Each structure stands twice: as C-alpha cells, then as structure tokens.
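Close look at the chain arrangement
Chain by chain, the residues run as shown.
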Amino acid sequence: QVQLVESGGGLVQAGGSLRLSCVASGRPYVMGWFRQAPGKEREFVATISTSGDNTVYADSMKGRFAISRDNAKNTMYLQMNSLKPEDTAVYYCAVSSWYAAATARSSRYDYWGQGTQVTVSS
C-alpha cells in the first residue's frame, strides 16, 4: 500500500507561480501529476521516471510547468509558472507500482493522492 500526501495548492493571481509537493511512502515509483477542473474530465499534466531522468509533459504545460523528484525525501514536485485561470483545478499526484516507465496513461497508475486545489484568479 502506497500512501501519498500532497501539499502546496492555493490561490494565486494569473502570471504567478506555485509549487506542489507529493510525498510517497515506499520505494521510488513512476509518478505523475493529473488535474481535474470542475465539469471536466481528469487530464494528464506531467510524469517522471523513477530515477528522474525522463519526464513527459502535456503540450499545454510545456515550458510553464516542471516536474522533479528527490528520492532521498520520497518527494515529487510540480513547479508551476506563468499560471493561467484555465489552470484552475484539483491537482492529484499518482504512483504506478507496476509500470516501469514514465507514462501519461492514467490507467497505469494504481495509487492516487487526495488532491490539492489550485485556483488562479484573473
């Protein structure tokens, strides 16, 4: 059983920045960030390999968001810059305990955090 604890969400003005954190129990896993806005389906944000050497981003986040990890702290981060009102959503971290590579496919993740709200005002 993998426990995930997210933090770092909040209210920020458009153009601002936030950093989300996700602490995971156990060994390093493939991890990812997803988000869900009101009335919309959950969407992929970014993913990172167990070593941190490989990252993948959704097209709309490239250049603005940066995913990273510190395995010594069992923590994954999402640095979000140049935030836009359309980035408003609940952000979830996720772990795949069985898939071996960074992946955007949500079905490959079997553990999910409780979510942290990010609100970007215009």
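Below you will find a few notes about this structure. The shown structure was predicted, so the numbers you read here are calculated from the model rather than taken from an experiment.

**Concerning the state of the cysteines**
Two cysteines whose sulfur atoms are joined by a covalent bond form what is called a disulfide. Counted under the stated rule, the structure contains 1 disulfide. A sulfur-sulfur distance of 2.1 Å marks the disulfide that ties C22 to C93. Given an S-S torsion of about 50°, the disulfide between C22 and C93 has right-handed geometry. Of this pair, C22 sits in strand β3 (residues 18–24) while C93 sits in strand β9 (residues 89–96), placing them 71 residues apart in sequence. When sorted by exposure, C22 lands in the same class as C93, which is buried.

**Here we look at empty space enclosed by the protein**
Tallied over the entire structure, the rule returns 1 cavity of 30 Å³ or more. When its volume is computed, the largest cavity comes out at roughly 70 Å³. Around the largest cavity, the lining is made up of 14 residues, and of these A24, R27, P28, R69 and N74 lie nearest the centre. Of all the secondary structure elements, the ones that give two or more residues to the lining of the largest cavity are β7 (65–70) and β8 (75–80). Partitioned by chemical class, the residues of the lining of the largest cavity number 6 nonpolar, 5 polar and 3 charged.

**A look at the sheet that holds β8**
One open sheet holds the 4 strands; their spatial order is β1-β3-β8-β7, and the pairing between them is antiparallel. Either end of the sheet is taken by a strand with one partner, and the two such strands are β1 (4–7) and β7. With direction set aside, neighbouring strand axes in the sheet form an average angle of 15°. Across 6 bridges, β7 lies against β8 in antiparallel orientation.

**Some thoughts on the packing of aromatic side chains**
Applying the stated criterion across every chain yields a total of 5 aromatic pairs. Relative to F44, the ring of F34 lies with its centre 5.7 Å away and its plane at 70°, an arrangement referred to as edge-to-face. Taken together, the residues span a long stretch of sequence, with F34 in strand β4 (residues 30–36) and F44 in strand β5 (residues 43–48) at a distance of 10 residues. The exposure class of F34 is buried, given its relative accessible area of 2%. Take F44: its relative accessible area is 14%, and that puts it in the buried class. Among the aromatic residues, those joined into a cluster by ring pairs are F34, F44, Y109 and W112. Directly above the ring of W112 sits R42, whose terminal nitrogen or CZ lies 4.0 Å from the centroid.

Definitions and limits used
- Each chain carries its own residue numbering, running from 1 in the direction its sequence is written.
- In view of the model being predicted, local features appear only for residues whose pLDDT reaches at least 70, and side-chain atom pairs are presented and counted only at 80 or more, with totals across whole chains, interfaces and linings using the full set of residues.
- In computing side-chain properties, one takes all heavy atoms of the structure into account and sets aside hydrogens as well as water.
- Pairs of cysteine sulfur atoms within 2.5 Å are identified as disulfides in what follows.
- Elements are defined by DSSP. Helices are runs of H or I of four residues or more, strands are runs of E of two residues or more, and each kind is numbered from the N terminus.
- Only protein chains enter the accessibility calculation, which uses a 1.4 Å probe; a residue whose area is less than 20% of its type maximum is buried, one above 50% is exposed, and one in between is partly exposed.
- Within this scheme a cavity is a closed region of a 1 Å grid, computed over the protein atoms alone, that accommodates a 1.4 Å probe without allowing it to escape, whereas a pocket is open but has protein on both sides within 12 Å along at least five of seven lines; lining residues each have an atom within 4 Å of a point.
- Grid points are joined across faces, edges and corners, and a volume is the space filled by probe spheres set on the points.
- Charged residues are taken to be Asp, Glu, Lys and Arg, nonpolar residues to be Ala, Val, Leu, Ile, Met, Phe, Trp, Tyr, Cys and Pro, and polar residues to be all remaining types, Gly included.
- By the convention used here, strands pair only if DSSP detects at least 2 bridges between them.
- Note on definitions: angles span 0 to 180 degrees between N-to-C directions of axes, and those axes are lines fitted to C-alpha atoms, for helices only across the stretch in contact.
- The aromatic pairing rule takes the rings of Phe, Tyr and Trp, using the six-membered ring of Trp, and pairs them if the centres are within 6.5 Å, calling planes under 30 degrees apart stacked, those over 60 edge-to-face and the rest tilted.
- Placement of a charge over a ring requires the Lys NZ or Arg CZ to be within 6 Å of the ring centre, with the centre-to-atom vector within 35 degrees of the ring normal.

Remember that the coordinates give geometry; whether it matters functionally is a separate question.
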